[in-house]
Amino acid sequence: FLTAATALPLPIEIRNDNIVVRAEQGMQALANEVAAAAPGFLTDIANDLPNLDVPRHIEIRLVHKSSSLPRVAPPGRGAPHWASGVAYSDQGVVSVAHANGTELNDVLSVTAHELSHLALGAALHGRAPRWLNEGFAYLHSSDWSAARMQTLTGMAWSGNTIPLAQLDQSFPAQEIEVHKAYAQS
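Just so it is clear, the model here is predicted, and its values are computed rather than measured.

> Which residues make up the overall build of the protein chain, and what are the values?
Within the protein chain, the regular secondary structure consists of six helices and eight strands. Sequence-ordered secondary structure for the protein chain, helices as α and strands as β, is β-β-β-α-β-β-β-β-β-α-α-α-α-α. Among the 185 residues that make up the protein chain, the fraction classed as buried is 46%. Excluding contacts between residues fewer than 6 apart, the proportion of contacts in the protein chain whose partners are at least 24 apart in sequence is 58%. About 9800 Å² of surface is accessible on the protein chain, with carbon and sulfur atoms providing 54% of the total.

Written out as structure tokens, the structure reads:
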């Protein structure tokens, strides 16, 4: 995890009921798109968590590049260097990057994924094992990829999986291993 060095200004602000979208300069159109889509994502997610608690207030922070994610993290928190988005369920905050290196992210898909983490965190009061949390978020985003399926197929073929008990505790810190953990979840 990288920790925040200095806070990054997010001058764009859009409010939509209990959701606030904040974004870097030059991201107005994307911020509008995220603000419009987020309530629908949350409704779909809540349908899979009937009669459970939901997040009361949500802040979505949008940045141009993933290397800026630690700079918009809540105080004392950080972000993995490989992340496209991060959810801080205990704070109701989601941070999403438009690009990870030279690769553009599907911001709406990443937002849905991270909002799923927030919703499951609220519903189960932070008690969901990591593998369940990641699997649930994967189901609520359209981040299917051939690379993820290739990773999962290779793991199944070789038997090179990570024990669920280990994934209950934490996810690996190394990028290649974390991709395996996400695919397996």
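> How would you explain the pattern of salt bridges if you had to name every residue and give the values?
Throughout the structure, instances matching the rule amount to six salt bridges. For Glu 13, the salt bridge is made with Arg 22, and the minimal N-O distance between the two is 3.1 Å. Of the residues examined, Glu 13 reaches a relative accessible area of 40% and is grouped as partly exposed. Each of Glu 13, Arg 15, Arg 22, Glu 59 and Arg 61 takes part in one network of salt bridges that share partners.

> Please provide a residue-by-residue account of the pairing of strand β6 (residues 85-88), values included.
By the bridge criterion, four bridges tie β6 to strand β7 (residues 93-100) in an arrangement that is antiparallel. Across the sheet, Tyr 88 pairs through a bridge with Val 93, a residue of β7.

> Explain the pairing of β7 residue by residue, including any values.
Among the eight residues that make up β7, six are buried, leaving the element largely enclosed by the rest of the structure. From the end of β6 to the start of β7, which pair antiparallel, there are four residues, and Gly 92 there has a positive phi angle of about 70°. Looking at chain direction, β7 and strand β8 (residues 103-104) are connected through two bridges and run antiparallel. Considered in β8, the bridge of Ala 99 is made with Leu 104. Taking the residues between adjacent antiparallel strands as the criterion, β7 and β8 are bridged by two residues, where Gly 101 takes a positive phi near 70°.

> Requested: an account of unusual backbone geometry, with residues and values cited.
For Asn 51, which is not glycine, the phi torsion reads 65° and is therefore positive. Relative to the helices and strands, Asn 51 is located in the loop between α1 (28-47) and β4 (58-65). The exposure class assigned to Asn 51 is exposed, which follows from its relative accessible area of 82%. For His 125, which is not glycine, the phi dihedral falls at a positive 55°. Turning to its location among the elements, His 125 is positioned in the loop between α2 (107-124) and α3 (130-139).

> Any chance you could break down the nonpolar core for me, citing the residues and the numbers?
Across soluble globular proteins, nonpolar side chains have a tendency to be buried as a group. In this structure, Val 21, Ile 60, Leu 62 and Leu 115 are the most contacted members of the largest nonpolar core, which totals 28 residues. Counting residues per element, the ones that place at least two in this core are β2 (12-16), β3 (19-23), α1, β4, β7 and α2. Once you skip the residues sitting within four places of it in the chain, Leu 62 turns out to touch Leu 10, Val 21, Arg 22, Ala 23, Glu 24, Met 27, Leu 30, Ala 31, Val 34, Val 96 and Val 107. With 13 residues, the next largest nonpolar core counts Leu 10, Ala 79, Ala 83 and Val 86 among its residues.

> Help me get a handle on the side chain of His 140, residues and values and all.
Take His 140: it is sitting in the loop between α3 and α4 (146-158). Sequence-distant contacts of His 140, defined by excluding residues within four places in its chain, comprise Asp 44, Ile 45, Asp 48, Ala 112 and Ser 116.

> Report on the packing of α2 against α3, specifying residues and quantitative values.
The N-to-C vectors of α2 and α3 enclose an angle of 130°; their axes lie 8 Å apart at closest approach. Considering the angle they form, α2 stands oblique to α3. You can see that α2 and α3 cross each other, and the crossing is right-handed. Residues His 113, Ser 116, His 117, Leu 120 and Leu 124 of α2 form the contact with α3, whose own contacting residues are Leu 132, Asn 133, Glu 134, Phe 136, Ala 137 and Tyr 138. Per-class residue counts for the contact of α2 with α3 are six nonpolar, four polar and one charged.

What counts, and at which threshold
- Residues numbered from 1 in each chain as written.
- Predicted model: local features only at pLDDT ≥ 70, side-chain atom pairs only at ≥ 80, totals over all residues.
- Heavy atoms only, no water.
- Helix = DSSP H or I, 4+ residues; strand = E, 2+ residues; numbered from the N terminus.
- Buried < 20%, exposed > 50% of the residue type's maximum accessible area, 1.4 Å probe, protein only.
- Contact = heavy atoms within 4.5 Å.
- Areas by Shrake-Rupley, 256 points an atom, 1.4 Å probe, with all protein chains shown as cover.
- Salt bridge = Lys/Arg side-chain N within 4 Å of Asp/Glu carboxyl O.
- Pairing = 2+ DSSP bridges.
- Core = buried A, V, L, I, M, F, W, Y, C linked by side-chain atoms within 4.5 Å.
- Axes fitted to C-alpha atoms, helices over the stretch in contact; angles between N-to-C directions.
- Parallel < 35°, antiparallel > 145°, perpendicular 65-115°, else oblique.
- Left-handed = near helix turned anticlockwise from the far one by under 90°.
- Nonpolar A, V, L, I, M, F, W, Y, C, P; charged D, E, K, R; others polar.

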